[in-house]
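Residues per chain, in single letters:
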Amino acid sequence: MGDGIKKIAILGSTGSIGQQALDVIHALPDRFQVIGLAVGKNQELLERQISELQPKVFYSSAEPDFAYGGEFLSMEEIASHPEVDLVIIATSGKAGLSPTLAALRTGKVVALASKEVLVMAGEIITTEATLHQSQILPVDSEHSAIWQCLQGEGGKPQRLFLTASGGPFYRYSQSQLSGVTVEQALHHPTWKMGRKVTIDSATLMNKGLEVIEAHWLFDIPFENIEILIHPQSIVHSIVEFADGSMKAQLGSPDMRLPIQYALCYPERLSNPGLPRLDWSKIQSLNFEPVDYNKFPCLKLALEAGRLGGTYPAVLCAADEVAVERFLNHSISFTDIARMVQKTLEQHQSVAQPSLEEILAADAWAREYAERLSLCQTSGIR
Ligand code: MG
């Protein structure tokens, strides 16, 4: 970092977070150099990103259908590449797990956007980060808010209040919820996100995953993390300290803000592309306690988080299968929670799991949930 330019690798560069990270990088061209890009299957966008950024190394889960002189490496090799300073983990599902470990073990700064990494393997990830004195910087807006509130504070916070918009269906009745369509669920009131996260926000599964993530990132017991419904998505989270004083972080609901904070940390840089809050347009900021009973996915996530072991990995896997099925119109919105619950109930959790045991639990849960969904689509319940 001698020349002041941070050398970046983006895993998941064609996803929503990956693209917004590149938007930030474009806006601050003297600050960053993209060394590596890794994607799943979006060849077309990868090819465009590659021709523009000319990364030294790249990866795609599908065989590249274009010619490029850069070196084709695995995601783990990219994450631990000697030239890389900071790795953005913006992959989906469990794909980010082993690259994150590779990055932490080689002392990289990890800007973590993939929730599953800490949810599935929080103990292993945080232990490795401590062992190698590597930093994990949160990218999720709530965790970024907490992190920003903690700047300059010596002691540990007493309580965390994660804010949640409540998604599009917070005021819906039980019967309204069961009739929700894919199109309705994909229409989030405040945030623009990828499809999976948008559905998870509508079921509040996303908030449950965020509580587990906050537990690991900030080493706070589950009972000291609360959720507040805040429909405007302006206050991104609140921290309470020992003396009862609270700090909150505010900003427009735009993911580029927390992404830029993680990329530029500890600096704050002016970026004309970022939106600013206009107080003349904000009539009120509302907060209310969350209704834990109305959204079963939230309850399931918190329970899995508290129980620990391989339950959180099973939660993530079953949810991924269930959301995919919902998006394919083969199960209903309320079936998502049912599928996750059934899978969790059948799971034999392993305490203090190794990475292999976590991946085995993930594989088991996927298979189990796939079978469940097949039964449901063929009408056998
Ligand atoms: Mg969030």
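Residues numbered from 1 in each chain as written. Predicted model: local features only at pLDDT ≥ 70, side-chain atom pairs only at ≥ 80, totals over all residues. Heavy atoms only, no water.

Asks: Would you mind showing me how to read the nonpolar core here?
Replies: Considering soluble globular proteins, one finds that nonpolar side chains tend to be buried as a cluster. With 118 residues, the main nonpolar core has Ile88, Ile125, Leu263, Leu315, Phe326, Phe333 and Ile336 as its most contacted residues. If one sorts the elements of this core by residue count, helix α13 (residues 311-327) sits on top with 11 residues. (Core = buried A, V, L, I, M, F, W, Y, C linked by side-chain atoms within 4.5 Å. Buried < 20%, exposed > 50% of the residue type's maximum accessible area, 1.4 Å probe, protein only. Helix = DSSP H or I, 4+ residues; strand = E, 2+ residues; numbered from the N terminus.)

Asks: Which parts of the structure should I look at to understand the domain arrangement of the protein chain?
Replies: Interfaces are often sized by the amount of accessible area the parts lose when they come together. The assigned domain composition of the protein chain is domain 1 (6-138), domain 2 (140-255 + 277-295) and domain 3 (308-381). In this structure, domain 2 and domain 3 have C-alpha centres spaced 24 Å apart. Residue-level contacts link 18 residues of domain 2 with 13 residues of domain 3. Area buried by domain 2 at its contact with domain 3 is led by Val182, Lys196 and Met205, which between them contribute 35% of it. Our enumeration of links across domain 2 and domain 3 arrives at 1 salt bridge. For the side of domain 2 that touches domain 3, the secondary-structure elements that each account for two or more residues are α7 (174-178), α8 (182-185), α9 (195-203) and α10 (205-218). When residues of the side of domain 2 that touches domain 3 are assigned to their parent elements, the largest contribution, 6 residues, is made by α9. Looking at side-chain class alone, the side of domain 2 that touches domain 3 contains 11 nonpolar, 3 polar and 4 charged residues. (Domains from an automatic or database assignment. Contact = heavy atoms within 4.5 Å. Buried area = accessible area lost by both parts, 1.4 Å probe. Salt bridge = Lys/Arg side-chain N within 4 Å of Asp/Glu carboxyl O. Nonpolar A, V, L, I, M, F, W, Y, C, P; charged D, E, K, R; others polar.)

Asks: Mind showing me how you'd approach the sheet that holds strand β7 (residues 136-138) here?
Replies: Strand-to-strand pairing in sheets goes through backbone hydrogen bonds, with the strands running parallel or antiparallel. Reading across the sheet, the 7 strands line up as β4-β3-β2-β1-β5-β6-β7 and stay open at both edges, with parallel pairing between neighbours. At either margin of the open sheet sits one strand with a lone partner, and together these are β4 (71-72) and β7. With 4 bridges joining them, strand β5 (residues 86-89) and strand β6 (residues 109-112) adopt parallel strand pairing. Across the sheet, the residue bridging to Ile88 is Ala111, located in β6. (Pairing = 2+ DSSP bridges.)

Asks: What exactly am I supposed to notice about the coordination of the magnesium ion here?
Replies: Tetrahedral coordination by four donors puts the ideal angle at the metal at 109.5 degrees, and octahedral coordination by six puts it at 90 or 180 degrees. Around the magnesium ion, the protein contributes the donor atoms Asp140 (OD), Glu142 (OE) and Glu210 (OE), at 2.1 to 2.4 Å from the metal centre. One chain supplies every donor to the magnesium ion, and in sequence these donors are spaced D-x1-E-x67-E. Assigned by exposure class, Asp140 and Glu142 land together as buried. (Donors = N, O, S within 2.8 Å, 3.2 Å for Na, K, Ca; no water.)

Asks: Teacher, can you tell me more about empty space enclosed by the protein here?
Replies: In this approach a probe as big as a water molecule rolls over the atoms, and the regions it shows empty are the leftover space. In this structure the tally under the stated criterion is 1 cavity of 30 Å³ or more. The volume enclosed by the largest cavity comes to roughly 60 Å³. Around the largest cavity, the lining residues are Ser141, Ser144, Ala145, Gln148, Trp191, His236, Gln249, Ser252, Asp254, Leu257 and Pro258. Counting only elements with at least two residues in the lining of the largest cavity, the list comes to α6 (141-150) and α11 (256-264). When the residues that make up the lining of the largest cavity are grouped by side-chain class, the tally is 4 nonpolar, 6 polar and 1 charged. (1 Å grid on protein atoms, 1.4 Å probe; cavity = no way out; pocket = protein on both sides within 12 Å on 5 of 7 lines; lining within 4 Å. Points joined across faces, edges and corners; volume = space filled by probe spheres on them.)

Asks: Could you clarify how one ought to interpret the sheet that holds strand β10 (residues 235-240) in this entry?
Replies: Spatially, the 5 strands line up as an open sheet ordered β11-β10-β8-β9-β12, and their pairing is mixed. What marks the edges here is a single partner per strand, and that holds for β11 (246-250) and β12 (288-289). Pairing geometry for β10 and β11, over 5 bridges, is antiparallel. Directly across from Val239, in β11, lies its bridge partner Lys247. Here α6 sits on the sheet and contacts β8 (159-164), β10 and β11; the angle it forms with β10, its principal contact strand, is near 45°. Running over the sheet, α10 touches β8 and β9 (225-229) and is turned about 150° from β8. (Axes fitted to C-alpha atoms, helices over the stretch in contact; angles between N-to-C directions.)

Asks: Even after reading the chapter, I still don't get unusual backbone geometry, so can you show me in this structure?
Replies: Excluding glycine, a negative phi dihedral is what most residues carry, and trans is how most peptide bonds are arranged. Note the cis peptide between Tyr265 and Pro266, where omega equals 5°. Mapping Pro266 onto the fold places it in the loop between α11 and β12. Residues other than glycine seldom take positive phi values, yet Gln133 does so here, at roughly 50°. Within the secondary structure, Gln133 sits in the loop between α5 (115-131) and β7. For Gln133, a relative accessible area of 74% corresponds to the exposed category.

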